[in-house]
Amino acid sequence: MLIELHKVAVERGPREVLHDININLSEPRVGIIGPNGAGKSTFARLINGLVRPSKGRVVVNGLEVQDNLNAVRAQVGFLFQNPDNQIVFPVVQEDMAFGLKPSLPDKQVRQSRIKETLKHLGIAELATRAIHTLSGGQKQLVALATVLCMRPDFLVLDEPTTQLDLRYRNRLLAILRELKQPLMVITHDLDMLESFDRVLVIDQASIQMDGPPDQVLPWYRTQYA
Amino acid sequence: MNASPIAKQPSESWLHRCSAAHKLLGLFVLGTGLVLVQNLAVMAIAAILSAAVWVSVQWPMIRSVCRQPWRFNSLTSVRQALLWPFLTLLVLSLYIAYFSGWTQALVVLLRLIALLLLALAVMAATPVTEMMAVVERVLQPLDRRGWVKADKVALMFGICLRLMPVLLEQWQDIRQAQYARGRHSHPIALLVPMLVRTLQRTNELADAIDARGGLR
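Here's what I pulled together on the structure shown here. (Residues numbered from 1 in each chain as written. Chains lettered and ligands numbered in written order. Predicted model: local features only at pLDDT ≥ 70, side-chain atom pairs only at ≥ 80, totals over all residues. Heavy atoms only, no water.)

A tally of helices and strands in chain B yields 8 helices and 0 strands. Scanning chain B from its N terminus toward the C terminus, one meets helices and strands in the order α-α-α-α-α-α-α-α. When the 216 residues of chain B are sorted by exposure, 37% land in the buried category. A fraction of 71% describes how many contacts in chain B between residues 6 or more apart in sequence connect residues 24 or more apart. Summed over its atoms, the accessible surface of chain B is roughly 12800 Å², and 69% of this surface lies on carbon and sulfur atoms. (Helix = DSSP H or I, 4+ residues; strand = E, 2+ residues; numbered from the N terminus. Buried < 20%, exposed > 50% of the residue type's maximum accessible area, 1.4 Å probe, protein only. Contact = heavy atoms within 4.5 Å. Areas by Shrake-Rupley, 256 points an atom, 1.4 Å probe, with all protein chains shown as cover.)

Below you can see the structure in the form of structure tokens.
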């Protein structure tokens, strides 16, 4: 999976959220860190076209994002920070079926994919539960299931552990470690990134530091403590 | 554990076994019939029958609550869900009683209770995706003429059902945040943050739908 950003800028009114970003990402595990409001989420949202660049081009696996939105979104799964905003339907399996319907019109096939995904994540018992009866951790796992059941080639996770207690955080990290897909994680949880291949620090609309975690994380801890 | 008057019951009641189209058609016909009837005795029977339908659908939840009430730490959600509709009905009945008499007020009260319970039973016994499929099918003739987008209206219908408990929770959060700061809830002070948060949530939800391929 290759993600390329060529001279990308994102403007919101007079403010530049991202400025002249040039980067290629091909590593299996990429972490994005930076202070609040630095442009991390905007950076991640560029990759599946949720944010349109004001200048420049974003290319995912050779596909220009803005010209191939559906094809890119089928390849890039996106996990939002707040699962309540990600889950569209009132019952777990109904929500998972929503995302699968265009690619799997057969109901039986859809149901078997849903069961398989929930079982893989160890939450098979939640299939018929109403979303509003789930805990925050369960909701986040369900949100991840809705993304994984679509079998994306690449995953973008926007602060996936922010609302989780220690038990669910560890459970989520164990699931992420076993995933075959390459992933990009935006987080403030620096410990999570120690086993990653590459870490970017975004601040003041640009990439301040880029490298392996053993170089970037100590630098970040001293600069931003 | 959670209890809710519209909680989906995994068990198969007789209403679960009916098709979504039949249930929605039945709700429409009974609703129309109840609006046309003005007889108090008929309305009382309709309210009792509607209550029986709701109980038959929610029987597993009612039985669990009765057997082990301590497991249901959120019985308050039932109170929260039912309190405001029934308070509204009460105020409406008093208003009608003042202008048209007690008999008319009772007819209206029983009619609305019957309708509410029937709607709750249908919602609890029907997957939202099946209801959406019915809405989409019903709107197909209008879609073909280009007057509406049937799939979008069906999705809106589904999202409305999903957001009801979320918005209720949001309302409680805002109210409690104001109480915590020593403020009594004022309608404007509640409505403004509610509106802002709902708009933010709408944007996020639209992004989430887009991220999963949206409506294709």
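Structure shown, so let's carry the discussion forward.
So, about the nonpolar core. Residues and elements named next belong to chain A. In terms of nonpolar packing, the biggest core is built from 44 residues, with Ile33 and Leu176 touching the most fellow members. Examining the composition of this core, we find that 7 residues originate from one element, helix 6 (residues 136-148), more than from any other. Leave out the neighbours within four places in its chain, and Ile33 touches Lys40, Thr187, Leu190, Leu193, Val199, Leu200, Val201, Ile202, Val216, Leu217 and Tyr220. (Core = buried A, V, L, I, M, F, W, Y, C linked by side-chain atoms within 4.5 Å.)

Here we take up the interface of chain B and chain A. Facing 27 residues of chain B, the contacting portion of chain A comprises 29 residues. For Asp207 of chain B, the salt bridge identified is with Arg45 of chain A, shortest N-O distance 2.7 Å. Seen at the junction of chain B and chain A, the total is 5 residue pairs in polar contact (both at pLDDT 80 or more). Elements with a contribution of two residues or more to the side of chain B that touches chain A: helix 6 (128-144), helix 7 (150-180) and helix 8 (187-211) of chain B. (Salt bridge = Lys/Arg side-chain N within 4 Å of Asp/Glu carboxyl O. Polar contact = N/O pair within 3.5 Å; in protein donor to acceptor, adjacent residues only side chain to side chain.)

Proximity of charged atoms lets side chains of opposite charge pair with each other. Residues and elements named next belong to chain A. The tally for this structure, following the rule as stated, stands at 12 salt bridges over all chains. The salt bridge involving Arg221 is made with Asp191; its shortest N-O contact spans 3.4 Å. Note that Arg221 is positioned in helix 8 (residues 213-223) and Asp191 in the loop between strand 8 (183-186) and strand 9 (198-203), a separation of 30 residues in sequence. The class of Asp191 is partly exposed, set by a relative accessible area of 49%. Measuring nitrogen to oxygen at the nearest pair gives 3.9 Å for the salt bridge that ties Arg221 to Glu194.

Residues and elements named next belong to chain A. Sheet architecture is open: 4 strands sit in the order 2-1-4-5, paired in antiparallel fashion. Of all the strands in the sheet, the pair left with one neighbour each is strand 2 (15-25) and strand 5 (63-64). In this sheet, strand 5 lies alongside strand 4 (residues 55-60) in antiparallel orientation, the contact comprising 2 bridges. Its bridge partner being in strand 5, Val60 is matched across the sheet by Leu63. (Pairing = 2+ DSSP bridges.)

The subject of this paragraph is the sheet that holds strand 8 of chain A. Residues and elements named next belong to chain A. As summarised here, the arrangement of the 6 strands in space is 6-7-8-3-9-10, forming an open sheet in which the pairing is mixed. Each edge of the open sheet carries a strand with a single partner, namely strand 6 (76-79) and strand 10 (206-211). Across the sheet, the mean angle separating the axes of adjacent strands is 15 degrees when strand polarity is ignored. Pairing analysis gives 4 bridges linking strand 7 (residues 154-158) to strand 8, with the strands arranged parallel. Its bridge partner being in strand 8, Leu155 is matched across the sheet by Leu183. (Axes fitted to C-alpha atoms, helices over the stretch in contact; angles between N-to-C directions.)

The next subject is a nonpolar patch on the surface. All names here are of chain B. A surface patch of nonpolar side chains, about 670 Å² in accessible area, is lined by Leu83, Trp84, Leu87, Leu90, Leu94 and Trp102. A per-element tally of the nonpolar patch places helix 4 (residues 76-100) first, with 5 residues. If you trace the backbone, Leu87 turns up in helix 4. By relative accessible area, which is 36% here, Leu87 ends up partly exposed. (Patch = residues over 30% accessible without salt bridge, like charges linked within 9 Å, V, L, I, M, F, W, Y side chains within 5 Å.)

All names here are of chain B. In contact at an axis separation of 10 Å, helix 2 (residues 20-36) and helix 5 (residues 102-125) are set at 180 degrees when each is read in the N-to-C sense. Comparing the axis directions of helix 2 and helix 5 gives the class roughly antiparallel. Contacts from Lys23, Leu24, Leu27, Leu30, Gly31, Leu34 and Val35 of helix 2 reach helix 5 at Arg111, Ala114, Leu115, Leu118, Ala119, Val122 and Ala125. (Parallel < 35°, antiparallel > 145°, perpendicular 65-115°, else oblique.)

Before going further, it helps to examine the pairing of strand 3 (residues 29-33) of chain A. All names here are of chain A. Among the 5 residues that make up strand 3, 5 are buried, leaving the element largely enclosed by the rest of the structure. Residues Arg29, Gly31 and Ile33 point to one face of strand 3 and Val30 and Ile32 to the other, with burial holding for every one of them. Inspection of the sheet shows strand 3 paired to strand 9 by 4 bridges, in the parallel sense. The partner of Gly31 across the bridge, within strand 9, is Val199.

A separate point is the side chain of Arg29 of chain A. Residues and elements named next belong to chain A. By the secondary structure assignment, Arg29 is in strand 3. Buried charge Arg29 goes without a salt bridge, the closest partner of opposite sign being Asp197 at 5.9 Å. Among the polar contacts made by the side chain of Arg29, one reaches the main-chain carbonyl oxygen of Arg177 at a distance of 3.4 Å. If sequence neighbours within four positions are ignored, Arg29 has contacts with Leu176, Arg177, Leu179, Gln181, Pro182, Leu183, Phe196, Asp197 and Arg198. (Lys, Arg positive; Asp, Glu negative; His and termini not counted.)

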